[in-house]
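Topology and contacts: notes
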Amino acid sequence: MRRDGMPRAGLRRDGGMLTASLLVVAATASGSAANFLFQWLAARRLDPGNFSLLAAMLALVTLAVLPGPPLAIAIVRRLSRHPEGMPAPSLGRARTLGIGTGLAILGAIILGAALGGDRLHLAAGGGGLLWFAAAAVTVSWLVVFPDLARVQASGDFGRYGRSHALLAATRLGFGGGALIAGAGPGIALLLLAPGPWLVHALLRPRETGPALAGPSLRELLPLLAATGGLNALVAIDVVFARAHFGTSDPHAAGAYAVCATLARALFHLPFAATAVTVQRTAAAARAGQPHRNALLANLGIAVGMIGAGALLLGLLPQTALRIFAGEGRYEGESQLLVRLLLPMALASLAAVPAHYLLALGRRTPTVVLGIAPLVLAGLLARPISTPSELIPPLIGVQAITLAILWVAAWRAGTSRSIQRDHATQQTGPHRRPGG
């Protein structure tokens with residue numbers, strides 16, 4: 001990115017898809033490690049009931065900040081068309097839209113929780129403080145997403161990855177420090193809020209141009225359904241584990257949260273690499289160039305990372321649980337951890353075609369990922385007797401989602417589809433092609 005905050009030439013910025021993807025993954029590895037260490041501290045410092053409570057609240061915050069990724073995609077697509085040499089546009093309008101949408105989602109969650117009774121058993125952990133902390137974290141993360149999108153659009157993936165690493169490091173420093181000092185879930189959650197403000201201050205360039213046009217709420221909602229649905233698929237099971245077992249069997253709720261946290265290690269780094277897919281695919285589509293290589297390169301990188309992680313956790317589940325949560329706490333739940341690896345791997349593989357299609361402006365991710373979490377939530381809400389009964393619905397819904405997205409992505413990469421998309425961009429989107 002230039003000093004004025006505007007994108008440089010995108011297609012050649014880091015020398016190719018593979019190089020850029022590896023740069024993002026390498027730069028964000030330390031950040032993912034810090035995220036892992038924060039939850040490692042929580043698993044060791046909190047009893048099973050409080051850990052499941054913190055894990056459930058983190059999952060709800062994940063849902064509330066879901067406007068961030070689609071907002072970033074919309075900003076990347078607009079900045080990729082911004083004339084080089086022009087002043088950096090202000091992202092304040094987009095930032096306000098993201099924050100407002102995120103708080104609306106959190107408000108709907110709070111209302112649903114209040115109408116349904118204390119299903120998440122928050123009263124024992126200080127319900128008011130927990131909801132206030134969730135709101136503070138939601139606002140802070142949605143403040144920084146537009147800044148990250150500006151760096152992503154520039155193709156400066158080294159800086160993009162380092163920014164994510166700093167976000168995670170502040171999570172470890174502030175939130176982890178609170179856990180070490182003996183704080184409960186509410187205070188630990190609240191102290192996750194300052195970090196994004198720090199990154200925002202470091203990334204925000206001097207915005208001398210007019211406000212970036214859009215995106216509007218009408219444009220944001222389809223992207224929200226798509227990227228939000230993908231993240232919901234890997235987060236809501238922990239919420240339902242808390243709802244089913246938070247009071248009746250706190251150890252079971254805590255064990256599921258620990259195993260799900262470890263299994264999600266298969267999702268985070270492959271998901272980070274899709275940032276390159278969005279930028280590369282959008283730039284190639286704009287130029288009318290083939291873009292299926294971006295899809296295949298991202299697939300290869302994702303398969304390699306997923307395979308390495310699954311092999312390690314699958315061969316040494318008891319060791320992983322012992323290292324993560326401490327001696328003699330959850331080692332007996334090793335089979336639960338192994339079973340959770342498959343749905344997390346499926347979700348990681350689905351992220352590749354989902355972001356590829358979103359970069360092309362296709363509807364399929366919006367429809368599929370908008371419906372899939374609702375179906376999954378209905379299945380997970382059924383009465384169950386053990387946490388392991390949450391896993392078959394996860395596998396089924398994610399496998400079907402993955403199959404549909406990959407078929408749509410492969411079709412979108414054909415020569416005929418590329419020519420049609422390029423013609424649409426030249427003449428105007430009178431009819432957006434289906435995904």
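Residues numbered from 1 in each chain as written. Predicted model: local features only at pLDDT ≥ 70, side-chain atom pairs only at ≥ 80, totals over all residues. Heavy atoms only, no water.

Attention shifts here to the overall build of the protein. Each helix and strand counted, the protein has 18 helices and zero strands in total. Contacts in the protein between residues far apart in sequence, at least 24 positions, make up 86% of those at least 6 positions apart. Accessible surface computed for the protein: about 17100 Å², of which carbon and sulfur atoms make up 64%. (Helix = DSSP H or I, 4+ residues; strand = E, 2+ residues; numbered from the N terminus. Contact = heavy atoms within 4.5 Å. Areas by Shrake-Rupley, 256 points an atom, 1.4 Å probe, with all protein chains shown as cover.)

Applying the stated criterion to the full structure yields three salt bridges. Among the ionic pairs, Asp-147 bridges to Arg-95, the shortest N-O distance being 2.9 Å. With Asp-147 in helix 5 (residues 127-154) and Arg-95 in helix 4 (residues 92-115), this pair connects stretches of sequence that are 52 residues apart. Neither residue differs from the other here; Asp-147 and Arg-95 are each classed as buried. Its salt-bridge partner being Glu-331, residue Arg-322 comes within 3.3 Å of it at the nearest N-O pair. Exposure remark for Arg-322: the relative accessible area of 29% places this residue in the partly exposed category. One network of salt bridges, in which partners are shared, links Arg-322, Glu-327 and Glu-331. (Salt bridge = Lys/Arg side-chain N within 4 Å of Asp/Glu carboxyl O. Buried < 20%, exposed > 50% of the residue type's maximum accessible area, 1.4 Å probe, protein only.)

Packing of helix 11 (residues 250-263) against helix 15 (residues 334-359) leaves a shortest axis separation of 9 Å and a crossing angle of 45°. The orientation of helix 11 with respect to helix 15, classified from their angle, is oblique. The element helix 11 and its partner helix 15 pack so that their crossing is right-handed. Contacts from Ala-255, Tyr-256, Cys-259, Ala-260, Leu-262 and Ala-263 in helix 11 reach Leu-336, Leu-337, Leu-340, Leu-341 and Met-344 in helix 15. For the contact of helix 11 with helix 15, a count of residues per class yields eleven nonpolar, no polar and no charged. (Axes fitted to C-alpha atoms, helices over the stretch in contact; angles between N-to-C directions. Parallel < 35°, antiparallel > 145°, perpendicular 65-115°, else oblique. Left-handed = near helix turned anticlockwise from the far one by under 90°. Nonpolar A, V, L, I, M, F, W, Y, C, P; charged D, E, K, R; others polar.)

What follows is about helix 6 (residues 157-180). Over its 24 residues, helix 6 extends 33 Å from the first C-alpha to the last, a length consistent with the 34 Å expected when each residue adds 1.5 Å. Just beyond helix 6, the residue with positive phi is Gly-182, at close to 95°. (Expected span 1.5 Å × (residues − 1).)

Attention shifts here to the nonpolar core. Ranked by internal contacts, the top residues of the largest apolar core, which has 126 residues, are Phe-51, Met-57, Leu-60, Leu-189, Tyr-256, Val-258 and Leu-340. Excluding residues within four positions of it along the chain, Leu-60 makes contact with Ile-109, Leu-120, Trp-131 and Val-239. (Core = buried A, V, L, I, M, F, W, Y, C linked by side-chain atoms within 4.5 Å.)

Here we take up helix 15. Structural remark: α-helix, 3.6 residues per turn; residues separated by three or four positions point the same way. Between its first and last C-alpha, helix 15 extends 38 Å over 26 residues, near the 38 Å set by a 1.5 Å rise per residue. Among the 26 residues in helix 15, 22 count as buried, and that is most of the element. Gly-361 lies just past helix 15 and shows a positive phi near 80°.

All right, on to the side chain of Arg-171 then. Topologically, Arg-171 is positioned in helix 6. No salt bridge forms around the buried Arg-171; measuring N to O, its nearest opposite-charge neighbour Asp-237 is 15 Å away. Those residues in contact with Arg-171 that lie beyond four places of it in its chain are Asn-35, Phe-38, Trp-141, Gly-176 and Leu-192. (Lys, Arg positive; Asp, Glu negative; His and termini not counted.)

Our next topic: the packing of helix 10 (residues 236-245) against helix 16 (residues 364-380). Direction vectors running N to C along helix 10 and helix 16 enclose 20°, while the axes themselves pass 10 Å from each other. Considering the angle they form, helix 10 stands roughly parallel to helix 16. As for the relative orientation of helix 10 and helix 16, their crossing is right-handed in sense. Of the residues in helix 16, those touching helix 10 at Ile-236, Asp-237, Phe-240 and His-244 are Pro-373, Leu-376, Ala-377 and Leu-380. Of the residues belonging to the contact of helix 10 with helix 16, the class tally is six nonpolar, one polar and one charged.

Before going further, it helps to examine the side chain of Thr-170. With respect to the helices and strands, Thr-170 occurs in helix 6. Classification of Thr-170 by relative accessible area gives buried; the value is 8%. A polar contact is formed between the side chain of Thr-170 and the backbone oxygen of Leu-167, at a distance of 2.6 Å. Residue contacts for Thr-170: discarding those within four places in its chain leaves Gly-175, Gly-195 and Leu-198. (Polar contact = N/O pair within 3.5 Å; in protein donor to acceptor, adjacent residues only side chain to side chain.)

So, on to a nonpolar patch on the surface. The grouping of Leu-129, Phe-132, Phe-174, Ile-187 and Leu-191 at the surface amounts to a nonpolar patch, some 420 Å² of accessible area in total. The topology assignment puts Ile-187 in helix 7 (residues 185-190). (Patch = residues over 30% accessible without salt bridge, like charges linked within 9 Å, V, L, I, M, F, W, Y side chains within 5 Å.)

Along the chain, Ala-372 falls in helix 16. Counting along the chain gives 142 residues from Ala-372 to Leu-230, while the straight-line C-alpha distance between them is 8.5 Å. Not counting the four nearest positions on each side in its chain, Ala-372 is found in contact with Leu-233, Val-397 and Thr-401.

Attention shifts here to the confidence of the model for the protein. Model confidence for the protein is summarised by a mean pLDDT of 81, while 81% of its residues fall at 70 or above. Confidence drops under a pLDDT of 50 for residues 1-15, and excluding neighbours within four residues, the segment shows 47 contacts in the predicted structure. Between residues 427-435, whose pLDDT stays under 50, and residues either more than four places distant or in other chains, the model counts 16 contacts. (pLDDT = per-residue confidence, 0-100.)

Here the focus is the environment of Ala-243. Position of Ala-243 relative to the elements: it lies in helix 10. In this structure the C-alpha to C-alpha distance between Ala-243 and Leu-53, which are 190 residues apart in sequence, comes to 9.7 Å. With sequence-adjacent residues up to four places away left out, Ala-243 is seen in contact with Arg-119, Leu-120 and His-121.

Next up on the list: the environment of Leu-299. Note that Leu-299 resides in helix 13 (residues 292-315). Distance from Leu-299 to Ser-348, taken between C-alpha atoms, is 9.7 Å for residues 49 residues apart in sequence.

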